[in-house]
Structures are given as structure tokens and as C-alpha cells.
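Results of the structural survey
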Amino acid sequence: VELIPGEEGKSIELKFPASDERLSVKIPFPDGPQDWNDVGTFSFHSKSNSTIRYYVTIHNTAEERFGYSVHPYLNVPVRIAITGDYWRDKYMNNTQYKAYWLSNWGNHIDLDEVEWIEISMNPNQPVTLELGNFALHDDEIEDAILSEGPYVDEFGQWIDLDWPGKIHSEKELQEAWTNEDVQLKEDLDFGFSEYGGWKEKQLKGSGFFRTVELDDRWWLVDPEGYVFYSMGVNCVRFIGPTQVEGREQLFRQVPPDSEETTDFYRYLAEQRYGKDEFVKNWKQNQNRRLKQWGFNTVANWSSPEMWNEPSTPFVINLSFNRSGKNWHRFPDVFSEAFEQKITAEALEQCAPYRNEPFLIGYFTGNEERWPMRNFIDLIINDPEPSATQDYVKSFFDENGDTPESREKLTEVLARTYFSKVTEAIRKADPNHLILGIRWAGGRAPDPVMRANDVFDVFSLNFYRFQVSQERVEHLHQLTGRPLMIGEFHFGAVDRGYAPSLVTVKDQHERGVAYQFYVEQAAALPMVIGTHYFQHVEQPVTGRFDGENYGFGFVTQQDIPHPLMVQFARQTHRRIYPIHLGDIPPTETRAKVR
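Just so it is clear, the model here is predicted, and its values are computed rather than measured. Note on numbering: residues in each chain are counted from 1, in written sequence order. Restriction of local features to residues with pLDDT of at least 70 applies here, the model being predicted, together with a cutoff of 80 or more for giving and counting side-chain atom pairs; totals for whole chains, interfaces and linings are based on all residues. The basis for every side-chain value is the complete set of non-hydrogen atoms in the structure, without hydrogens or water.

1. Re the overall build of the protein chain
Strands are runs of DSSP state E lasting at least 2 residues, helices are runs of H or I lasting at least 4, and numbering of each runs from the N terminus. Secondary structure assignment for the protein chain yields 13 helices and 29 strands. The C-alpha radius of gyration computed for the protein chain amounts to 25 Å, which stays within 12% of the reference 25 Å derived for 593 residues, consistent with globular compactness. When its C-alpha atoms are laid out on the principal axes, the protein chain stretches across 75 × 75 × 45 Å. The buried label goes to any residue with under 20% of its type's maximum accessible area, the exposed label to any with over 50%, and the partly exposed label to all in between, with areas taken from a 1.4 Å probe on protein chains only. Per-residue burial over the protein chain gives 57% buried out of 593 residues. Contacts are residue-level and defined by heavy atoms, with any inter-residue pair within 4.5 Å sufficient. If you take every contact in the protein chain between residues at least 6 apart in sequence, the share linking residues at least 24 apart comes to 71%. For this measure, only C-alpha atoms enter the radius of gyration; the expected value for a globule follows 2.2 Å times N^0.38, where N is the number of residues.

Structural data, given as C-alpha cells:
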């Protein structure tokens, strides 16, 4: 990394070359280790000529590390401010700031002797990062945008960039919509049944989706009995607001009636489909798109409107224990209040769909963090008594507090939680599959993973270029269940967007990456589906938590990415023969740089 000092030693320019490895710069404190326990805010100025994330990590004398990933906006100078509570004990997942966002998934460290800061990055293209005015404050200060703007145009696009297909006028937008309307009239046959199953292989239908193992390969089976491999896309929805208040200078013009937030996609889609019958016309177009692109599943986080009078199979994400006694969202599972609450929640959410044949099943949670956050110790040391605390203390009295007993207790607690949720769902709806929790990478401890055998399917979100065969086989061995990939995606560094969790060279390589991931997953006998995240790309200025990834099949202007559609169609025509083992998956990998 090339280092260029700024004026008076207050700033520095870091030039990161494109690399396959993480590159880093170590900044030691000139006067030795510092005590950060009483820090009010750590702040610094930042400007980047790329939206590629970089990492700010502190290291202590005990060789522990802790920090945040910073997702900058393109060429926007800002003051970044991270308050002391986030360094000491407060957890942050993704968090929106005025012109950047931060995220962190790690655990805190001892702040008695912080001795150096590390700035690091994994750039797939050259990046110039300007940093300066590093400071520790006794009080809390706010972040700030250090320029007047604007950066975003009236269509929700980054002003200072151009690319093929960028919209410059209302006329161009109308022409793009008209061209797609013509294309959507084509009749493309993927060999799918009414429910998206494969018409080449039919078993006995039950009227609902179920799972089956045939010749050592797992499948879903659609209501008519056709074998079914779930090819889905998440977030088929028309609502995606971004914050305006407090950062008005980012925008040249926002849609009418915008206040604290605005929604470029919703506003433009209403111009296309008409306000009066917007939902009906929008929904009809999304169903037509999905079928024309070879998708057979409306995946997670989608608009409930897609579930009403559906024409595409769908999944539902249930919401449990969002309130009440919990430890990082692990609930008080031995309390009567918990059982009463989930019984009522399951009845409210599941009963309306118990006879719906297009429903595949229910997810019961998403990327839970409690297994990695010492939840047993939190339960034991909680000053507020609880039924679960009584159970844990009694368990240790009987078995002792050893690594072996803790492993056993972890499985008991997890299994109790999952079993009670499953029982509540079965009472409300005995007809549909329970798809379980969508685990982040499937990396939770084995005792927790084993307890997922109470569900019909094991689900995981896996953001890599390829599903790990070793991981999938291990999880299948622990649970005996088929696996569903709930999320994956690919983004590129262009158009002002952050490049997403898995970055490739350009839009063409996004399509290559999609085909490789989906076909390689389908070749694994225990995998029964892959769901891409997501349908419409996020606002360039970030969604509710700041994420501003450019990874969608559809732009904020309601225009499909043609290369993604091309590769999806090609992939989806091959999936059933691949999963059956008749043809091999593609071996062509995407270029990263």
C-alpha cells in the first residue's frame, strides 16, 4: 500500500492496488498504549474514490482485535464518528450514517491498553483512500457530510458516473419500460408444471409441498407430485425507502411528498403501473418476469401481496419473540409466557395459509447471533430471575459446569426452543413444511446445528462464490435434513453502489457467478434450492440499515439487468438434469478483477 502524507501530518492518502489478498496499514500510537474505556467518540475524516468497504480495527497489547467495516459513498468527504458505547459493549450489525454505513459482527475486547489501529481492504481494483483528523473525544459527536453535493439525481442514480442503460430523461425511461413489455410477451417454456416442478418426473401428489429422498438425492415435491427444485429470488417487493432527513444535500431532487424518507423505486414503479391499480399491475408484472426468467419461487422478505391469490410458489418468514424476555434474541423458553406467546403468534401468521397449495413452507428465524454471544453466561448472570435461568442453574447443579456439560446444555436449550416453535406452527398449520432458521453460513456450534433436526429442512445463507460441499455435508450429517440456501448474491463496483458481500469484476461476471453458484449447489444431492438476494437492488443511498448494494436483477428504475436475466434463463433450463445427476454443472468461474 502506497502511503502519501498530507499537510502538517494531519492526513494521509492510502493507495491500495488491486489484490486477491487483504492489504493493511498499521498505525501505532506514538506515545504507547491508550486506555479507551472512557472514550466518548473516536472520529476521523474519510474520502474514497471507490465504494469498496474498508476496515478500521483496533488492537490491544493482549493481541486482541475489534473493529468496524466502513462502507463509503463514492467521492463524498465525511467525518466518521463511532461513539464509545460501540467500542465498549454495544453491538452493531449494519447501521446507517449520513453518507456511509458501518457494520460489525464480532465481540468486544479489553480496552485498557489499545496500542494500534489497522486500516485494511480487499480491493479488486485500485482504490485511493484519504484519511485524516483522527481524534478521541470525551463526549459524543455526530458524523457529518463535508461537502454540499448533490450526488444523486431525480431517478435515484449516482450523478457523477455513466454506464450503458443509465436513464437521462423521462423519455428514455418510458422507452426502456416499453421494450421490456414487448419482451415479456414472449412465451418461454422451461418444462415446468403449474407449480414450477419438473414435468419429466412425477410422484404421488399430496396437495401441498413436501420433501422426499430418491436414489440418495433429496427433492421437494410440488402439490401435483412433480419433483421440485426451488429457484427463488428474495425481496420481490415494491417498498424500499431511503433516508432524506439530515442529509438533504445528497439529493438533486426527491419524489413529491417525500419527508423523512423517500422511495425512488416505488415512485417510478407507480408511474409505470399506475397509482390506481398499482399493486395489481406491479404484481402481475413480477410474476410474469419470474416465469420468463425461469424462477419458480418468490423467496424470503417479499411483499405479502405476492402471497394473495398467488401464481408463483412462495415462502413466508415468521416473526417470533421480537419482544419479551430474551438474551440476544434467545427467549425464555421454559416460561409459560413464551409458549403462550408463540402459540398466538403462530396462529395469527400461519392459519390464513394452511390450505394454500402455492405455499412451500415457513422460515422461523434469520441469522440468529445468540449461539456466538455467550448466551448461557448471560442467562446465568442475569439479575432478573427467569424460568430458563432456573433450569440452567439446576442443570449445572446436577451435571457440573464443564465444557462437556455446556455442550449438552446448549443442545437442550436450542432443541427446546426449536421444538416449541415447531409445535406451535404445526397446531396452526399441519400442512406445510417448516424450513427452520436461515443460519448465516451454518457456522453456529454443532450442538445448536444438531437441534435443527426438528425442522423439515435445514436452511442457511451462504455468501461465497460457491456453496461449501464440506459444510453442507457436515450439516446434513448432523441433522439428516435436506438443505435450502436462503441467500447468496454477487455485486460489482459500479453505478455508485457498494459492491455487496461477494464482489466480481462487472455486470457480465455477475451472471457468470450466478450460474456457477446455482449449478454447483444443484449438483449436491442434499441441496433442494437456492434463493438469490435480491430482486430489486437497494437504494444507492442505502436502505433502513444503510446497506446500498448493487446486486439486483432489477434496478431502482424498474429495469431488468439483461445479463443477469440471460444467465438465469440459461441456468434454470439446466437445473433439473443437473440435480438428477444427468449432466455436470458449469465449471466456469467469474472473474473478480
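Next comes the rest of the account.
2. Focus: the sheet that holds strand β14 (residues 217-221)
The criterion for strand pairing is that DSSP finds at least two bridges linking the strands in question. Reading across from one edge, β13-β14-β15 is the order of the three strands in this open sheet, with antiparallel pairing throughout. Two strands close off the open sheet at either side, each with one partner strand: β13 (210-214) and β15 (227-228). Sheet analysis places β13 next to β14, joined by five bridges and oriented antiparallel. Counted as the bridge partner of L214 is R217 from β14.

3. Quick word on the environment of P255
Relative to the helices and strands, P255 resides in the loop between β17 (242-243) and β18 (261-262). Accessibility expressed as a relative area gives 7% for P255, which makes it buried. The spacing of P255 and A523 is 268 residues in sequence and 46 Å in space, taken between C-alpha atoms. Residues in contact with P255, not counting those within four places in the same chain, are T262, D263, F264 and Y267.

4. Description of the pairing of strand β5 (residues 54-60)
Counting buried positions over the seven residues of β5 gives seven, a clear majority of the element. Alternating residues of β5 divide into Y54, V56, I58 and N60 and Y55, T57 and H59, and every residue in both groups is buried. Here β5 pairs with strand β6 (residues 65-72) via six bridges, running antiparallel. Across the sheet, residue H59 finds its bridge partner in β6, namely R65. Two successive antiparallel strands, β5 and β6, enclose a turn made up of four residues, where E63 displays a positive phi of approximately 65 degrees. Sheet topology places β5 next to strand β10 (residues 114-121); seven bridges connect them, and they run antiparallel. Within β10, the position partnered with Y54 by the bridge is M121.

5. Overview of the pairing of strand β11 (residues 127-137)
As paired strands, strand β2 (residues 11-16) and β11 are joined by six bridges and run antiparallel to one another. Counterpart to E13 in the pairing with β11 is E130. Where strand β4 (residues 41-48) meets β11, seven bridges bridge the pair, whose relative direction is antiparallel. The partner of S48 across the bridge, within β11, is L129.

6. Overview of the pattern of salt bridges
By definition, a salt bridge exists where a carboxyl oxygen of Asp or Glu is found within 4 Å of a side-chain nitrogen of Lys or Arg. If you walk through the whole model with that rule in mind, you get 31 salt bridges. Residue R266 is joined to E270 by a salt bridge in which the shortest nitrogen-to-oxygen separation is 2.8 Å. Here the residue R266 and the residue E270 both occupy positions in helix α3 (residues 264-273), the gap between them amounting to four residues, near one helical turn. Given a relative accessible area of 25%, R266 falls into the partly exposed group. Residue E270 is classed as buried on the basis of its relative accessible area, which comes to 15%. The partner of E384 in a salt bridge is K325, with the nearest N and O atoms 3.2 Å apart. In this pair, E384 is assigned in the loop between α6 (375-381) and α7 (387-399) and K325 in the loop between β20 (314-317) and β21 (326-327), connecting sequence segments 59 residues apart. Taking the relative accessible area as the measure of exposure, E384 reaches 46% and is therefore partly exposed. Taken together, the salt bridges that share partners define one network made up of E180, D181, R272, R289 and D558.

7. Some details on a negative patch on the surface
Without a salt bridge and with relative accessible area above 30%, a residue can belong to a patch; like charges are then joined within 9 Å and nonpolar side chains (Val, Leu, Ile, Met, Phe, Trp, Tyr) within 5 Å. Reported accessibility uses the Shrake-Rupley method at a 1.4 Å probe radius. Residues are deemed covered only where the shown protein chains occlude them. Under the convention used here, Asp and Glu are negative, Lys and Arg are positive, and both His and the chain ends fall outside the count. Where a charge sits is defined by one atom per residue type, namely NZ (Lys), CZ (Arg), CG (Asp) or CD (Glu). Where like charges cluster on the molecular surface, the negative patch consists of D35, D38, E64, D110, D112, E113, D138, D139 and E140. Here E64 is to be found in the loop between β5 and β6. The class of E64 is partly exposed, set by a relative accessible area of 32%.

8. Section: helix α4 (residues 278-293)
One less than the number of residues in a helix, times 1.5 Å, gives the span that helix is expected to have. Relative to the 22 Å expected for 16 residues at 1.5 Å per residue, α4 spans 22 Å between its end C-alpha atoms, a close match to the ideal helical length. Residues of α4 that are buried: F278, W282, K283, N285, Q286, N287, R289, L290, Q292 and W293. As for α4, its buried residues are in contact with α2 (170-183), β16 (230-233), α3, β19 (297-298) and α12 (562-572). Two residues or fewer past α4, G294 is found with a positive phi of approximately 85 degrees.

9. Focus on the packing of helix α11 (residues 507-522) against α12
Only the stretch in contact is used when a helix axis is fitted, and all axes are lines through C-alpha atoms; the angle between N-to-C directions ranges over 0 to 180 degrees. In contact at an axis separation of 8 Å, α11 and α12 are set at 20 degrees when each is read in the N-to-C sense. Comparing the axis directions of α11 and α12 gives the class roughly parallel. Of the two possible hands of crossing, α11 and α12 adopt the one that is right-handed. Taken together, the residues of α12 that come into contact with α11 (itself represented by Q507, H508, R510, G511, V512, Y514, Q515, V518 and E519) are L563, M564, F567, A568, Q570, T571 and H572. Orientation categories follow fixed angle ranges, with anything under 35 degrees roughly parallel, anything over 145 roughly antiparallel, 65 to 115 roughly perpendicular, and all other angles oblique. Helix crossings fall into two classes, left-handed where the near helix is turned counterclockwise from the far one by less than a right angle and right-handed where it is turned clockwise.

10. Description of the environment of Q538
On the secondary structure map, Q538 appears in the loop between β29 (527-532) and α12. A relative accessible area of 2% means that Q538 is categorised as buried. When the C-alpha positions of Q538 and Y265 are compared, they lie 9.2 Å apart, and in sequence the two are 273 residues distant. Those residues in contact with Q538 that sit more than four places away from it in its chain are Y497, F533, R543, E547, N548, Y549, F551 and Q556. Here a polar contact is taken to be a pair of N or O atoms separated by no more than 3.5 Å, where protein atoms must pair a possible hydrogen donor with a possible acceptor and residues adjacent in sequence count only if both atoms sit in side chains. Within the structure, the side chain of Q538 is placed 2.7 Å from the side chain of E547, a separation counted as a polar contact. A polar contact of 3.4 Å, which involves the side chain of Q538, links it to the backbone nitrogen of N548.

11. Here we look at the sheet that holds strand β3 (residues 23-28)
Pairing is antiparallel in the open sheet, where six strands are placed in the order β3-β10-β5-β6-β9-β8. Taken across any chain shown, the strands that pair with only one partner, and hence form the sheet edges, are β3 and β8 (94-96). Taken pair by pair, the neighbouring strands of this sheet meet at an average axis angle of 25 degrees, ignoring direction.

12. Section: the nonpolar core
In this description, a nonpolar core means a group of buried Ala, Val, Leu, Ile, Met, Phe, Trp, Tyr and Cys residues linked to one another through side-chain atoms lying within 4.5 Å. Among the nonpolar cores identified, the biggest contains 117 residues, and F418 and F553 are the most heavily contacted of them. Top contributing element to this core by residue count: helix α8 (residues 403-428), with nine residues.

13. A word on the packing of aromatic side chains
Working definition: a ring pair exists when centres of Phe, Tyr or Trp rings (six-membered ring for Trp) sit within 6.5 Å. Plane angles under 30 degrees give stacked, over 60 give edge-to-face, the rest tilted. Scanning the model with the defined rule gives 56 aromatic pairs in all. Taking 6.4 Å as the distance between ring centres and 70 degrees as the angle between the ring planes, the aromatic pair formed by F295 and Y514 counts as edge-to-face. Of the two residues, F295 sits in the loop between α4 and β19 while Y514 sits in helix α11, which places them 219 residues apart along the sequence. Across the pair, Y514 and F295 agree in class, each one buried. Seen from their ring centres, F330 and Y417 are 5.5 Å apart, and the 85 degrees between their planes marks the pair as edge-to-face. Here the residue F330 occupies a position in strand β22 (residues 330-331), and Y417 occupies one in helix α8, the gap between them amounting to 87 residues. Assessed through its relative accessible area of 3%, Y417 is described here as buried. Each member of the aromatic cluster is reached from another via a ring pair, and the members are W293, F295, F465, F488, F490, Y514, Y517, Y532 and F553.

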